[in-house]
Amino acid sequence: MTEITFQNFKFEVSDSPKPVLLFFYNTDTPSVDAFECADLEEDVKICKTNIEGGGAVFASLYGILSIPTALLLKNGKEIARYNSAMEEKELLEFINGNL
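The rules we used
Residues numbered from 1 in each chain as written. Predicted model: local features only at pLDDT ≥ 70, side-chain atom pairs only at ≥ 80, totals over all residues. Heavy atoms only, no water. Helix = DSSP H or I, 4+ residues; strand = E, 2+ residues; numbered from the N terminus. Polar contact = N/O pair within 3.5 Å; in protein donor to acceptor, adjacent residues only side chain to side chain. Contact = heavy atoms within 4.5 Å. Salt bridge = Lys/Arg side-chain N within 4 Å of Asp/Glu carboxyl O. Buried < 20%, exposed > 50% of the residue type's maximum accessible area, 1.4 Å probe, protein only. Pairing = 2+ DSSP bridges.

## A few points about the side chain of asparagine 26
Here's step 1: Relative to the helices and strands, asparagine 26 resides in the loop between strand E2 (20-25) and helix H2 (38-41).
Here's step 2: Looking at asparagine 26, its side chain comes within polar contact range of the main-chain nitrogen of aspartate 28, at 2.9 Å.
Here's step 3: Look past the residues within four positions of asparagine 26 in its chain and what remains in contact with it is Asn50, Ile51, Glu52 and Ile67.

## Topic: unusual backbone geometry
Here's step 1: At the junction of isoleucine 67 and proline 68, the peptide bond is cis and its omega measures out at 0° in the coordinates.
Here's step 2: Tracing the sequence through the fold places proline 68 in the loop between helix H3 (55-61) and strand E4 (69-74).

## Quick look at the pattern of salt bridges
Here's step 1: Tallied over the entire structure, the rule returns three salt bridges.
Here's step 2: Residues lysine 10 and aspartate 15 are paired through a salt bridge, measuring 2.9 Å at the closest nitrogen-oxygen approach.
Here's step 3: Lysine 10 sits in the exposed class, given a relative accessible area of 53%.
Here's step 4: Residue glutamate 12 pairs with lysine 45 through a salt bridge whose shortest N-O separation is 3.0 Å. Of this pair, glutamate 12 sits in helix H1 (residues 9-14) while lysine 45 sits in strand E3 (residues 45-50); the two residues are 33 residues apart in sequence, bridging distant segments of the chain.
Here's step 5: Assessed through its relative accessible area of 18%, lysine 45 is described here as buried.

## Brief notes about the pairing of E4
Here's step 1: Of all six residues in E4, five are buried; the element is thus mostly enclosed.
Here's step 2: As paired elements, E2 and E4 share five bridges and run antiparallel to each other. Among the inter-strand pairings, phenylalanine 24 is bridged to a residue of E4, identified as threonine 69.
Here's step 3: Pairing between E4 and strand E5 (residues 77-82): five bridges, direction antiparallel. Each residue of the ladder has a partner; that of lysine 74, found in E5, is lysine 77.
Here's step 4: Between the antiparallel neighbours E4 and E5 lie two residues, among them asparagine 75 with a positive phi of about 55°.

## What to know about the side chain of threonine 69
Here's step 1: In this structure, threonine 69 sits in strand E4.
Here's step 2: The exposure class of threonine 69 is buried, given its relative accessible area of 1%.
Here's step 3: At a separation of 2.5 Å, a polar atom in the side chain of threonine 69 contacts the main-chain carbonyl oxygen of serine 66.
Here's step 4: Setting aside anything within four residues of it in sequence, one finds threonine 69 in contact with Leu22, Phe23, Phe24, Ile64, Arg81, Tyr82 and Asn83.

Just distances and angles here, no functional claims.
The following block contains the structure:
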């Protein structure tokens, strides 16, 4: 799972040919790395950003008010948002229901 930074945001998110599932997290958030899954990555690129670091800028950019939040993005623009911790089944339903 790619950690989004100032240096790679454009390449990994804005210019991605695939939709991007971007997790916003902090040190108190259960690990989002569990969602790194080859089956999912055929359809979407899975990324994360820590709001306690550089990710705070991206959180502000997308109006993130609660953690954890997952955004589904295409060409850097929001398609859908999920504001809560989720299980793998919920994640799959979220992605499939919004692509």
